[in-house]
Structure formats: C-alpha cells, structure tokens
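Coordinate inspection notes
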Amino acid sequence: FGIGIFAPLGWMARDPTVLMFNFLKVTFPYALAGLLTGLLLIPLGKSDEVMWTFTIFISFLAWYTVHGLVSDRLDVSGASGEPSCCPGEHHNNHRTNEVDSDNDIEMHAQKSQMENILPREIDRKSMQNTTPNTKAERRRIRFSSKEYAIYAVTCYFGGILTAWIGIGVEKLTFVLLTYFHNVDVTAAGVSSICLTGFLSAVAFLFHSLCAPADDGPGPHFQCAIKSAADPTGNVFGNIPYEIVLAVLPGILIGSVVGPAINAGIGPRNMMVIFVCFLLFDIGYNLVDLLG
C-alpha cells in the first residue's frame, strides 16, 4: 500500500511521464473487480495451491527478465530514447556524382531514382505513424481490441491473486507492458506497482472494517457473502497497525532516494538485483511448501 503510493510520487518528481495514467485507466477497473471477487466471493481456501501457482509464475518472470536482458529485448535505457532511423532512410538522399552528357540517360536515371524514393518514403512515413520510436511515445500506449481483452482478463485474475496474497497483479502487468508495448522497465515497474498500491488501499479498508470479531479491532462489519468457506461473512486477516506505522517512515524515505539510487546503479543492474530477489523468493517459497 505505502510502496504503491509513495514510490510513484518519488519517481514523478524526476520524470512526470513515468506513471502511465492511460494504462491505469484501462487496467484498474478489471483488477479491482478481481480484488473484490477474491475478498468477498471466493476467499482463499487452500493457500498451498495458490503459492505453488505464484512460485511457478515468478520462476517464469525470472527467466523472462534474464532472457530480456541477455537478448536486449527489455528497454533498460536510462535516458529518453531518440527516434530510430528507418531502414533505407539514409539511402533516399543519395545522389550520384557522375554527370552524363546524354539527356536521355539523365532523365532515365532521375525517373528510376524517383521510383525508388517514393516507395521508401511511403514506407518510412507509414512506419513512423505506426511504430513508437521513442521512450515517451511507447509510454503513451494504445490498446488494440486483442490487447485490451488480454489486459482485462489478466488484471482480473491478478486482482484475485492480490486479494489472496497481497501481491501478484504488478508482475503480470510488467510482463504485458514490456512484451506487447516494449515499455521501458522503469515506467512498466512504477505503473504496475502503483496499480497494486491502489488495490492494496481498497483491501486495507476491507480488512480494517470487516475483520472477524476475534481478529483485531472493530468495527467487524459483515462485508462478504456467507458461505462454507466464510460462514461469518467477514474478510479474514486483521491489519497489523503497529507494523504499518513502523515501516511507513522507511517507505517514505525509500521513495525519495530510490529514483536517485536507480539512476546511480542503472536500470540494467537494478533488473539484475530484481532477478536475485525473485530467485530468493522462489527458494523461500519452495522451502516453505516442501518443508
């Protein structure tokens, strides 16, 4: 909750475009629907199955990140990207230095040259109109119908996972943003974490207001539908307020210095550290599940 709110603010102080509001506008409603489904309709029953699924996914995420770094598939550039040249663009301005005195040959050469230039110019303009060339352009993502459906379904199930274990949707959207739209890892990470922050704020309210009577302070409202898995209609899991108050100052400080540390270390090295944390998480989960 704190990381998802404070960290994006720290990043936006350095780069206002790093938080992609058009991405949040599309994904948040579906992720919220999944969160409410997980909290109120299908509360977590068997946690081992969920943790196995999550562990398998973060194993895939570790492979995806390493593969992206090795193959340069991930955009880990530190500065705003510049427009890239289109293939053949430099050849369009080529002019021959030889002059032929024969007018017929000269006219024929000019005609052939124009025939070569026009298709290339059309291709160049078409490529510029359809392919985002800079980091800022890629951050202004637009969704095709297929991509919209993929994001919607993924965010819905990611919201359910976040309702159960507190995280999950941000890792799914990070993969989608970097794979489908080639968004740089900084904007993809910050925007995905912000999405989780908004979901965590909603979950915080439900856990604080609707916890069971014997699980922390009140008011213990009945928010969920009564079922065999949840006979009281409460949202299980009280808020450890003492821990929240203890870690908030550190989160606030980290959100301020984090962007500067990232700039000093470099996005590529930060992704290597991210992979190390994923591997540690995988090992910890396996020891817990198998032990």
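Placed above this text is the structure.
Treat the numbers as computed from the prediction; the structure is a model and nothing was measured.

Okay, unusual backbone geometry next. A positive phi is found at Asp72, a non-glycine position, where the angle reads about 60°. Its place among the elements puts Asp72 in the loop between helix 3 (47-70) and helix 4 (103-130). The phi dihedral of Asn182 is positive, around 55°, even though this residue is not glycine. Take Asn182: it is sitting in the loop between helix 7 (169-180) and helix 8 (185-209).

With that settled, consider the environment of Val50. Turning to its location among the elements, Val50 is positioned in helix 3. Sequence separation between Val50 and Leu161 is 111 residues, and the spatial gap between their C-alpha atoms is 8.0 Å. When neighbours within four sequence positions are excluded, Val50 is seen to be in contact with Leu44, Leu161, Trp164 and Ile165.

Membership of the largest hydrophobic core comes to 46 residues, with the highest contact counts inside it found for Phe23, Leu39, Leu177 and Val183. Secondary structure elements with two or more residues in this core: helix 2 (21-41), helix 3, helix 6 (145-165), helix 7, helix 8 and helix 10 (267-290). Setting aside residues up to four positions removed in sequence, Leu39 forms contacts with Ala163, Ala203, Phe206, His207, Ala224 and Val235.

In the structure shown here, the tally under the stated rule is 1 disulfide. Across the disulfide, Cys210 is cross-linked to Cys223 (sulfur-sulfur distance 1.7 Å). Residues Cys210 and Cys223 are joined through a disulfide that is left-handed, its torsion about the S-S bond being -55°. Of the two residues, Cys210 sits in the loop between helix 8 and helix 9 (241-265) while Cys223 sits in the loop between helix 8 and helix 9, which places them 13 residues apart along the sequence. Of the residues examined, Cys210 reaches a relative accessible area of 2% and is grouped as buried.

We now examine the pattern of salt bridges. All told, the structure shown has 5 salt bridges when counted by the stated rule. Ionic pairing is found between Asp15 and Arg139, a salt bridge with its closest N-O pair at 2.7 Å. Separated by 124 residues along the polypeptide, Asp15 in the loop between helix 1 (2-14) and helix 2 and Arg139 in helix 5 (residues 135-139) bring together distant segments of the chain. Asp15 sits in the partly exposed class, given a relative accessible area of 24%. Residue classification places Arg139 among the buried positions, given a relative accessible area of 7%. Between Arg139 and Asp184 there is a salt bridge, with its nearest N and O atoms 3.0 Å apart. One end of the pair, Arg139, is in helix 5; the other, Asp184, is in the loop between helix 7 and helix 8, with 45 residues separating them in the sequence.

For helix 3, built from 24 residues, the straight-helix expectation of 34 Å at 1.5 Å per residue is met to within 8% by its first-to-last C-alpha distance of 34 Å. Those residues of helix 3 that sit buried are Val50, Phe54, Thr55, Phe57, Ile58, Leu61, Ala62, Tyr64, Thr65, Gly68 and Leu69. Buried positions along helix 3 lie against helix 6, helix 7 and helix 10. Two residues or fewer after helix 3 comes Asp72, characterised by a positive phi angle close to 60°.

Now for helix 6. Taking 1.5 Å of rise per residue, the 21 residues of helix 6 would be expected to cover 30 Å, and the 30 Å separating its terminal C-alpha atoms lies within 8% of that figure. If you check which residues of helix 6 are buried, you get Glu147, Tyr151, Ala152, Cys155, Gly158, Gly159, Ile160, Leu161, Thr162 and Ala163. Of the residues flanking the end of helix 6, it is Gly166, one or two places downstream, whose phi is positive at about 90°.

Remark: helix 2 packs on helix 8, axes separated minimally by 10 Å, with the N-to-C direction vectors making an angle of 35°. Between helix 2 and helix 8 the crossing geometry is right-handed. Between helix 2, through Phe23, Leu24, Thr27, Phe28, Ala31, Leu32, Leu35, Leu36, Leu39 and Leu40, and helix 8, the contact on the second element is made entirely by Ser191, Ser192, Cys194, Leu195, Phe198, Leu199, Val202, Ala203, Phe206 and His207. Residues belonging to the contact of helix 2 with helix 8 are distributed by class as follows: 16 nonpolar, 4 polar and no charged.

Before going further, it helps to spend a moment on the packing of aromatic side chains. The tally for this structure, following the rule as stated, stands at 11 aromatic pairs. Geometrically, the ring pair formed by Phe143 and Tyr151 is edge-to-face, given 4.9 Å between the ring centres and 80° between the ring planes. What makes Tyr151 buried here is its relative accessible area of 1%. Geometrically, the ring pair formed by Tyr179 and Phe180 is edge-to-face, given 5.1 Å between the ring centres and 85° between the ring planes. In this structure Tyr179 comes out as partly exposed when scored by relative accessible area, which is 49%. Ring pairs connect the aromatic residues Phe57, Phe60, Trp63 and Tyr64, which therefore count as one cluster.

Definitions and cut-offs
Residues numbered from 1 in each chain as written. Predicted model: local features only at pLDDT ≥ 70, side-chain atom pairs only at ≥ 80, totals over all residues. Heavy atoms only, no water. Helix = DSSP H or I, 4+ residues; strand = E, 2+ residues; numbered from the N terminus. Contact = heavy atoms within 4.5 Å. Core = buried A, V, L, I, M, F, W, Y, C linked by side-chain atoms within 4.5 Å. Buried < 20%, exposed > 50% of the residue type's maximum accessible area, 1.4 Å probe, protein only. Disulfide = S-S within 2.5 Å. Salt bridge = Lys/Arg side-chain N within 4 Å of Asp/Glu carboxyl O. Expected span 1.5 Å × (residues − 1). Axes fitted to C-alpha atoms, helices over the stretch in contact; angles between N-to-C directions. Left-handed = near helix turned anticlockwise from the far one by under 90°. Nonpolar A, V, L, I, M, F, W, Y, C, P; charged D, E, K, R; others polar. Phe/Tyr/Trp six-rings, centres within 6.5 Å; stacked < 30°, edge-to-face > 60°.

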